[in-house]
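Report on the structure
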Amino acid sequence: AKPDLPMSSATQAAVSYKKDEKKHEHRLFKVPFVYPSYNNPSVRGWWYAHFYGKWIVRQLEIHPEKAPLCLIAGKDDLKMCELQLQETGLTKRKGSEITMKEFDDLWACCGGGSYTLREDQ
């Protein structure tokens, strides 16, 4: 086994930069759910989430026979996912990650309107 060697300050800065870079990463997810009031598993809704770093900034819910629900952090916090990204398990869920374009197109189609990420988020 190799001994642990001390890192140079440049190496430490590079590692720290990589960690900080991840804090401000956009991650978007799409997850199906079976609607509880229906006994038919083919009747499903969709839950979409836009995380910026650890926290959710936009959430879109599409329910059967209901209007889509577009939620924004800072405005709809009490109705949104309260878990940090790593706590949700979404990053391990195969096939759930989607592109920003896919999310934004659906967001606009569902009446979400334009969205600009604030620098302090």
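Attention in this report is confined to the structure presented alongside it. On a predicted model such as this, the values are computed, not experimentally measured, just so you know.

Quick notes on the nonpolar core
Grouped burial of nonpolar side chains is what soluble globular proteins tend to show. Counting residues in hydrophobic clusters, the biggest one holds eleven residues: Phe29, Val31, Trp47, Ala49, Phe51, Ile56, Leu71, Ala73, Met80, Leu85 and Leu90. Among the elements of the structure, β1 (26-34) and β2 (44-52) are those that each provide at least two residues to this core. Broken down by element, this core gets its largest block of residues, three residues, from β2. The contact partners of Phe29, leaving out residues within four places of it in the chain, are Trp47, Tyr48, Ala49, Phe51, Leu85, Leu90, Thr91, Ser96, Glu97 and Ile98. In this structure, Leu28, Leu60, Ile98 and Cys110 belong to the second largest nonpolar core, which totals seven residues.

Some thoughts on the packing of aromatic side chains
Applying the stated criterion to the full structure yields two aromatic pairs. Judged by centre distance (6.2 Å) and plane angle (80°), the ring pair of Phe29 and Phe51 falls under edge-to-face. Taken together, the positions of Phe29 in strand β1 and Phe51 in strand β2 put the pair 22 residues apart, joining distant regions of the chain. Judged on exposure class, the residue Phe29 and its partner Phe51 are both buried. With centroids separated by 5.8 Å and ring planes inclined at 20°, the aromatic side chains of Phe103 and Trp107 adopt a geometry described as stacked. Residue Phe103 and its partner Trp107 are both found in helix α3 (residues 100-109); the two are separated by four residues, about one turn of the helix. Taken as a pair, Phe103 and Trp107 share a single burial class, namely buried. Lying across the ring of Trp46, Lys30 places its NZ or CZ 4.6 Å from the centre. Above the ring of Trp107, the side-chain terminus of Arg58 is found at 5.0 Å from the ring centroid.

Rules and cut-offs
- Counting starts from 1 at the beginning of each chain's written sequence and moves along it residue by residue.
- Only residues with pLDDT of 70 or above have their local features reported here, since the model is predicted, and side-chain atom pairs are shown and tallied only from 80 upward, although totals for entire chains, interfaces and linings are computed over all residues.
- As a rule here, side-chain values come from all non-hydrogen atoms in the structure, and water together with hydrogens is ignored.
- In this text, buried Ala, Val, Leu, Ile, Met, Phe, Trp, Tyr and Cys residues form a nonpolar core when linked through side-chain atoms within 4.5 Å.
- Exposure classes here rest on a 1.4 Å probe applied to the protein chains alone. A residue is buried below 20% of its type maximum, exposed above 50%, and partly exposed in between.
- Helical segments are the DSSP runs of H or I of at least four residues, strand segments are the runs of E of at least two, and each set is numbered from the N terminus.
- Note on contacts: a residue pair is in contact if any heavy atoms of the two residues lie within 4.5 Å.
- Pairing of aromatic rings covers Phe, Tyr and Trp, the last counted by its six-membered ring, and requires centre-to-centre distances within 6.5 Å; plane angles under 30 degrees mean stacked, over 60 mean edge-to-face, and any other angle means tilted.
- We call a charge positioned over a ring when the NZ of a Lys or the CZ of an Arg lies within 6 Å of the ring centre and within 35 degrees of the ring normal.

Taken by themselves, the reported measurements are silent on function.
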